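One-letter residues, chain by chain:
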Amino acid sequence: MQLKLAVTLFVFSVLSTLSIPVYAIDESAADLVARGQLHLADITDAINKKYSGQKENYWDIASIAYHDFTGVPQVDVVVGLEGYRDKGGIYNDGKQVVEDAGAGFGYFHKEKDNWKLKQVELVRGKKYDGFEGADLIGLGKDQLVVYSSEDRDKIATVFMMNMSHVLKKVEEIVGKDYGPRVAQDNGKSLMVNFSRALVKDCEACQIYEGLAYHWENHKFVPENNDFLDAVEKYSDPGLDNTVKQAGLTWFENYLSAHPKDFCALADCYELSLSLDLTEEAADFKKKLIQLGMKSDLNLKYCDQWLSDKNRAFQQQYLSELEGKAKNLDNNN
C-alpha cells in the first residue's frame, strides 16, 4: 500500500467534542490547507526520503496550529501526523482494519508570501496523542511538545528552535498512567508528569498527581517527590508481605504529617486489606468516610479537566466505601 496523506475537516470537529484535553486545533491554521497554501504532498515526499521504513504506512492530519517559534506571529504552523498500518482485514462494507503506526509533525514557515515545509519529524511511540506549543524554558517564544504513546508508556518529546531555524529535539520525557503534559504554575508553563497516587493497580480508577520538571543546565530536571516514588514502589500486587508492610509503615508515617491526605489514607487502607489487617483496614476506612470530600486532594498542576476527574473518582471511591460499610452493618 502506497503512503498517502489523508486530510479531513471532520477530524477537527470530532476532536473538538472529545471529553479529554485535545491540543493544537486551530481553525485559522487549518484554513491554510483549504486555501491550498500548505502543500501537504510535500510531507509525503519528505517522509519517503527521510524515513524509508515508513512507506507501508499512511498518515492522517490530526491537528494544525500556529505557534510562535521564531518570535514573529503567525509565520510558523505545525501539522500533527498520526500514522496507521493496514492489517489486511476488512469490515463494515469495505472499511480497512488498521493499527496505530507512529506519530510526528510537519513544520511549515512562511517566507515572504509562501509557506514552505521546513522539516518533518517522527517521534517514538505508535500512537499519536497530540501536540502543543508552550514556552517551557523562558525564552519568550514557544517550544514544541509532541505527545505519543506505546502500551502504557506516555511520551512527551520536546523540540526547540535553533539558530538554523530548525526544530531540534531537546528531550524525551516518558511516564505511565496519565503521563507527561504541559501544565501551568503561577502563570508559567512547565512540564509535569502526572502519575497515579493510589497503590491500587487499576487504570480506570485512579487519581493523578503531578511531578514537575524544571529547565536547569540545558535539560529538564524532575522535582523530588517521595510520595509518588513510594506509590510506584509499593503498587506492585506481586510484592511479598514484608515489602507491603514496609509500604504501609511509610504511608502511616506520611499521614502523621498529612493526616487529612485522601490518597495517603486510601493507600494505607488498600495495603492493610492486602495484608489482611482487618482492624487497621477498618480504622482507615472509618477515617476516610468521616473526612469524606473534606479530605485533602493534591491538585497542584492539574488543569480543570484533570481536577474534575480526580474529584469524581474521589467521590466514587468514598461512595464504594460507604456502600461496603452499609452492607457490613446490614449483615450483622
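For the structure itself, look to the data block above.
Residues numbered from 1 in each chain as written. Predicted model: local features only at pLDDT ≥ 70, side-chain atom pairs only at ≥ 80, totals over all residues. Heavy atoms only, no water.

## Digging into the pattern of salt bridges
Okay, step 1: In this structure the tally under the stated criterion is 10 salt bridges.
Okay, step 2: The residue glutamate 99 makes a salt bridge to arginine 85 at a minimum N-O spacing of 3.5 Å. Note that glutamate 99 is positioned in strand E4 (residues 95-111) and arginine 85 in strand E3 (residues 76-91), a separation of 14 residues in sequence.
Okay, step 3: Judged by its relative accessible area of 32%, glutamate 99 is partly exposed.
Okay, step 4: With relative accessibility at 33%, the residue arginine 85 sits in the partly exposed group.
Okay, step 5: One salt bridge in this structure joins lysine 176 and aspartate 153, with 2.7 Å as the shortest N-O distance. Taken as a pair, lysine 176 in the loop between strand E9 (167-175) and strand E10 (179-185) and aspartate 153 in strand E8 (residues 153-161) lie far apart in primary sequence, 23 residues in all.
Okay, step 6: Taking relative accessible area as the criterion, lysine 176 reaches 39% and is therefore assigned partly exposed.
Okay, step 7: By sharing partners, the salt bridges in this structure join Glu111, Lys116 and Lys118 into a single network. (Salt bridge = Lys/Arg side-chain N within 4 Å of Asp/Glu carboxyl O. Helix = DSSP H or I, 4+ residues; strand = E, 2+ residues; numbered from the N terminus. Buried < 20%, exposed > 50% of the residue type's maximum accessible area, 1.4 Å probe, protein only.)

## Some details on the packing of aromatic side chains
When we look at a pair of aromatic rings, we describe it by the centre distance and by the angle of the planes.
Okay, step 1: Evaluated as defined, the whole model comprises 16 aromatic pairs.
Okay, step 2: Measuring from centroid to centroid gives 5.9 Å for phenylalanine 69 and tyrosine 107, while their planes differ by 80 degrees, and the two rings are edge-to-face. On the criterion of sequence distance, the pair formed by phenylalanine 69 in the loop between strand E2 (57-66) and E3 and tyrosine 107 in strand E4 is long-range, its members being 38 residues apart.
Okay, step 3: Overall, the relative accessible area of 0% leaves tyrosine 107 in the buried class.
Okay, step 4: Judged by centre distance (5.6 Å) and plane angle (80 degrees), the ring pair of phenylalanine 227 and phenylalanine 251 falls under edge-to-face. Placement of the pair is phenylalanine 227 in helix H4 (residues 226-234) and phenylalanine 251 in helix H5 (residues 241-257), with a sequence separation of 24 residues.
Okay, step 5: Classification of phenylalanine 227 by relative accessible area gives buried; the value is 5%.
Okay, step 6: When the ring centre of tyrosine 178 is taken as origin, the NZ or CZ atom of arginine 181, which lies over that ring, is 5.4 Å away. (Phe/Tyr/Trp six-rings, centres within 6.5 Å; stacked < 30°, edge-to-face > 60°. Lys NZ or Arg CZ within 6 Å of the ring centre and 35° of its normal.)

## A closer look at the layout of surface pockets
Okay, step 1: By volume, the second largest pocket amounts to about 230 Å³.
Okay, step 2: Around the second largest pocket, the lining comprises 13 residues; the ones closest to its centre are Asn193, Ser195, Leu228, Asp229 and Glu232.
Okay, step 3: If you list the elements that add at least two residues to the lining of the second largest pocket, you get strand E11 (188-196) and H4.
Okay, step 4: Examining the composition of the lining of the second largest pocket, we find that four residues originate from one element, H4, more than from any other. (1 Å grid on protein atoms, 1.4 Å probe; cavity = no way out; pocket = protein on both sides within 12 Å on 5 of 7 lines; lining within 4 Å. Points joined across faces, edges and corners; volume = space filled by probe spheres on them.)

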